[in-house]
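Observations on the model geometry
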Amino acid sequence: MKNYIYIAIPVFISIFLGTIFMDVSKDGETIPVMSDSSSIKLFQTGSYADLEEAEKEASLKKGITLKAENNYHVYIGILKNPINIERMISYLDEKNIYYYIKDINLDPVFLEVLNKYEDLMLSSNSSVAFFQLNKKILERYKILYES
């Protein structure tokens, strides 16, 4: 009987202390978070049936044009790092540029290239350098996509 008391008292004390310090709030606070950092975001600004229109849009937005099925899509960014993604979103919102973000998967070889360019983006405070590196990523992606 003594053994049961030695076991029961700490259990009851633990339950009592747990209920005192437990957060009993029923309000579920939703915190917006960027999805997994390994997810790659593709920024698309349009889809066109006509190649000339798509290339015109791509040159205005400093992007690339890729054919997908019967349409030409204009892409202006491929990023993985959450800080770079936020930087791109801020820029596009500031310029009132309509965009659509797609999640994509890339092969490991291109992923290494993307990581190197994004590390350079993170180390630069210059917007010009950021967008030049973004253009290099897009050019590399276009070469990979077309081959």
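The following paragraphs examine the structure supplied in this document. As a convention, each chain's residues are numbered from 1 in the sequence order in which they are written. In view of the model being predicted, local features appear only for residues whose pLDDT reaches at least 70, and side-chain atom pairs are presented and counted only at 80 or more, with totals across whole chains, interfaces and linings using the full set of residues. Processing note: side-chain calculations cover all non-hydrogen atoms of the structure and skip hydrogens and water entirely.

1. Focus on the overall build of the protein chain
Under the convention used in this document: Helix numbering and strand numbering both begin at the N terminus, where a helix is a DSSP run of H or I of at least 4 residues and a strand a DSSP run of E of at least 2. Accessible area is worked out with a 1.4 Å probe on protein chains only. A residue is then buried under 20% of its type maximum, exposed over 50%, and partly exposed in between. By definition in these notes, contact holds between two residues if any of their heavy atoms fall within 4.5 Å. Accessibility throughout is a Shrake-Rupley quantity obtained with a 1.4 Å probe, and a residue counts as covered only by protein chains that appear here.
Counting secondary structure elements, the protein chain contains 5 helices and 4 strands. For the protein chain, the sequential pattern of α-helices and β-strands runs α-β-α-β-β-α-β-α-α. For the protein chain, with 147 residues in total, the buried portion stands at 31%. Taking as baseline every contact in the protein chain between residues at least 6 positions apart, the subset at least 24 positions apart corresponds to 70%. Per element, the accessible surface of the protein chain, about 10,400 Å² overall, is 57% carbon and sulfur.

2. A few points about the pairing of strand β3 (residues 71-79)
This is how the line gets drawn: Pairing between strands requires that DSSP locate at least two bridges from one strand to the other.
With 8 of 9 residues buried, β3 is to be regarded as a mostly interior element. Strand direction decides the pairing type here: strand β1 (residues 40-48) and β3, joined by 7 bridges, are antiparallel. Looking at β3, one finds that Leu42 is bridged to Ile78. Bridge count for strand β2 (residues 64-68) against β3 is 5 bridges, and the pairing is antiparallel. What sits directly across from Lys67, in β3, is Tyr72.

3. Considering the packing of aromatic side chains
For any pair of aromatic rings, geometry is given as the distance between the ring centres together with the angle between the planes. Rules: Between 30 and 60 degrees the pair is tilted, below 30 it is stacked and above 60 it is edge-to-face, where a pair is any two Phe, Tyr or Trp rings, Trp via its six-membered ring, whose centres lie within 6.5 Å.
Under the defined criterion, the tally for this structure stands at 4 aromatic pairs. When the centroid spacing of 6.0 Å and the interplanar angle of 50° are considered together, the rings of Phe43 and Tyr99 count as tilted. With Phe43 in strand β1 and Tyr99 in the loop between α3 (82-94) and β4 (100-104), this pair connects stretches of sequence that are 56 residues apart. On the basis of relative accessibility, which here comes to 19%, the residue Tyr99 falls in the buried class. An aromatic cluster is present here, built from Tyr91, Phe130 and Phe131 joined pairwise through their rings.

4. Some thoughts on the nonpolar core
Worth spelling out the cut-off: Only buried Ala, Val, Leu, Ile, Met, Phe, Trp, Tyr and Cys residues count toward a nonpolar core, and they belong to the same one when joined by side-chain atoms within 4.5 Å.
Counting 27 residues, the largest nonpolar core has Phe43, Ile78, Leu106 and Tyr141 as its most contacted members. Put simply, the parts of the chain that give this core at least two residues each are β1, β2, β3, α3, α4 (108-123) and α5 (127-146). In contact with Ile78, not counting residues within four places along its chain, are Ile40, Lys41, Leu42, Ile104, Leu106, Leu114, Asn134, Ile137, Leu138 and Tyr141.

5. Let's talk about the layout of surface pockets
Applicable threshold: Think of a 1 Å grid over just the protein atoms. A cavity is a set of points where a 1.4 Å probe fits yet cannot get out, a pocket is an open set with protein on both sides within 12 Å along at least five of seven lines, and lining residues have an atom within 4 Å of a point. Grid points are joined across faces, edges and corners, and a volume is the space filled by probe spheres set on the points. Residues are grouped as follows: Ala, Val, Leu, Ile, Met, Phe, Trp, Tyr, Cys and Pro are nonpolar; Asp, Glu, Lys and Arg are charged; all remaining types, including Gly, are polar.
There is about 300 Å³ of room inside the largest pocket. Along the walls of the largest pocket sit 13 residues, with Leu60, Lys61, Lys62, Tyr91 and Phe131 positioned nearest its centre. Put simply, the parts of the chain that give the lining of the largest pocket at least two residues each are α2 (51-61), α3 and α5. For the lining of the largest pocket, the element with the highest residue contribution is α5, accounting for 5 residues. Broken down by class, the residue content of the lining of the largest pocket amounts to 8 nonpolar, 2 polar and 3 charged.

These values are about where atoms sit, not about what they do.
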